[in-house]
Amino acid sequence: MLNVTPVKRVLPVKAATAPAVERAAEEPSYGFWGAMAGFIFYWLAFAVPILTYGANALFFLLYTWPFFLALIPVSVVIGLVFSVLLAGRLVLMIISIGLSVFCLFWLVFALLTGW
């Protein structure tokens, strides 16, 4: 008797697809618009003391520019936070970002001037 190993048959591969996973519709990027709103409201808040007090405020802001420059990233982050928290509610998001940035800017301005 010969010692022969039986030949195993190769079964054809059946192509099976993975179960269909439903992808949720991509939501719009509210973070970008919130960051842009924070940046725009920063510059609007920067203009308010100049419009209110004139050239004296401009010279004051020139002497204390590092404090106000530090508010740019804070304003952008405030915009991002409110845009994520209030996704889809554009008017409420814009109002809350605007109030927060104006109040923050005015707080720094008031603390530096000693009022």
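Structural data are supplied above this passage.
The text that follows walks through the structure, step by step, so that each part is easy to find. (Residues numbered from 1 in each chain as written. Predicted model: local features only at pLDDT ≥ 70, side-chain atom pairs only at ≥ 80, totals over all residues. Heavy atoms only, no water.)

**Description of the overall build of the protein chain**
Definition in use: Only DSSP runs of H or I reaching four residues or more are called helices, and only runs of E reaching two or more are called strands; each is numbered from the N terminus. Between two residues, a contact is recorded if the distance between any of their heavy atoms is within 4.5 Å. Under the convention used here, a 1.4 Å probe and the Shrake-Rupley method define accessible areas, while residue burial counts only the protein chains that appear.
When helices and strands are tallied, the protein chain shows 5 helices and 0 strands. Sequence-distant contacts in the protein chain: of pairs separated by 6 or more residues, those separated by 24 or more amount to 73%. Of the accessible surface of the protein chain, which amounts to about 9,100 Å², a share of 73% is contributed by carbon and sulfur atoms.

**Brief notes about the nonpolar core**
Applicable threshold: What makes a nonpolar core is a set of buried Ala, Val, Leu, Ile, Met, Phe, Trp, Tyr and Cys residues whose side-chain atoms join them at distances within 4.5 Å. Relative accessibility under 20% of the residue-type maximum defines a buried residue, over 50% an exposed one, and the middle range a partly exposed one, all with a 1.4 Å probe and only protein chains included.
Ranked by internal contacts, the top residues of the largest apolar core, which has 16 residues, are Phe41, Tyr42, Phe68, Leu71, Ile97, Val101 and Phe105. Among the secondary structure elements, those contributing two or more residues to this core are α1 (30-53), α4 (71-85) and α5 (90-113). Setting aside residues up to four positions removed in sequence, Tyr42 forms contacts with Phe68, Leu69, Leu71, Ile72, Ser75, Val101 and Phe105.

**A look at the packing of aromatic side chains**
Using the following cut-off: Aromatic pairing here means that ring centres of Phe, Tyr or Trp (its six-membered ring) are within 6.5 Å. Orientation follows from the plane angle: under 30 degrees is stacked, over 60 is edge-to-face, and everything else is tilted.
One pass over the structure, following the stated rule, counts 14 aromatic pairs. An angle of 20 degrees between the planes, with centres 6.1 Å apart, marks the rings of Tyr53 and Phe109 as stacked. In this pair, Tyr53 sits in helix α1 while Phe109 sits in helix α5, placing the two residues 56 residues apart along the sequence. On the numbers, 6.5 Å between centres and 50 degrees between planes, the contact of Phe68 with Phe109 is tilted. Note that Phe68 is positioned in helix α3 (residues 65-69) and Phe109 in helix α5, a separation of 41 residues in sequence. When its relative accessible area of 2% is taken as the criterion, Phe109 is described as buried. One aromatic cluster is present, built from ring pairs that chain together Phe39, Tyr42, Trp43, Phe46, Tyr53, Phe60, Phe68, Phe105, Trp106 and Phe109.

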